[in-house]
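A closer look at the structure
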Amino acid sequence: MSAILEANIAHSLATVEEKEWTPNRDVTLAELRIVDMIHEGKPACRLCGQIVNRLDAFALCSKVSDSHKERRGEPVPRKKARTR
């Protein structure tokens, strides 16, 4: 980096005032409304309710949890009893 660029970066970092973050319910709700508008009309997984772009043939999302595997009819190994 050139000396001028380094000096500009150092100066800009020194002049930045960190604002303390405070929660603002109105801003949060406005952002959540935007997210809801984006997700509007998209399908949801029948098992977990996750909003997705596309569902598989069983109307499930792409998760590979045991419950999703069971719903798809895939074999799920049972957990063995703990041994000492």
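For the structure itself, consult the block above.
1. Considering the environment of Ala81
With respect to the helices and strands, the residue Ala81 is situated in the segment after helix 3 (66-72). In this structure Ala81 comes out as exposed when scored by relative accessible area, which is 68%. Between the alpha carbons of Ala81 and Lys63 there is a distance of 26 Å; along the sequence they are 18 residues apart.

2. Section: a nonpolar patch on the surface
There is a patch of nonpolar side chains on the surface, built from Ile34, Met37 and Ile38 and spanning about 310 Å² of accessible area. Relative to the elements of secondary structure, Ile38 occurs in helix 2 (residues 25-39). The class for Ile38 is exposed, based on a relative accessible area of 54%.

3. Structural notes on the pattern of salt bridges
Across all of its chains, the model carries 2 salt bridges by this definition. Put simply, Arg72 and Asp56 hold a salt bridge, and the shortest N to O gap is 2.7 Å. Of the two residues, Arg72 is situated in helix 3 and Asp56 in the loop between helix 2 and helix 3; the sequence distance between them amounts to 16 residues. Residue classification places Asp56 among the partly exposed positions, given a relative accessible area of 29%. Put simply, Arg78 and Glu70 hold a salt bridge, and the shortest N to O gap is 3.3 Å.

Scoring rules and cut-offs
Residues numbered from 1 in each chain as written. Predicted model: local features only at pLDDT ≥ 70, side-chain atom pairs only at ≥ 80, totals over all residues. Heavy atoms only, no water. Helix = DSSP H or I, 4+ residues; strand = E, 2+ residues; numbered from the N terminus. Buried < 20%, exposed > 50% of the residue type's maximum accessible area, 1.4 Å probe, protein only. Patch = residues over 30% accessible without salt bridge, like charges linked within 9 Å, V, L, I, M, F, W, Y side chains within 5 Å. Areas by Shrake-Rupley, 256 points an atom, 1.4 Å probe, with all protein chains shown as cover. Salt bridge = Lys/Arg side-chain N within 4 Å of Asp/Glu carboxyl O.

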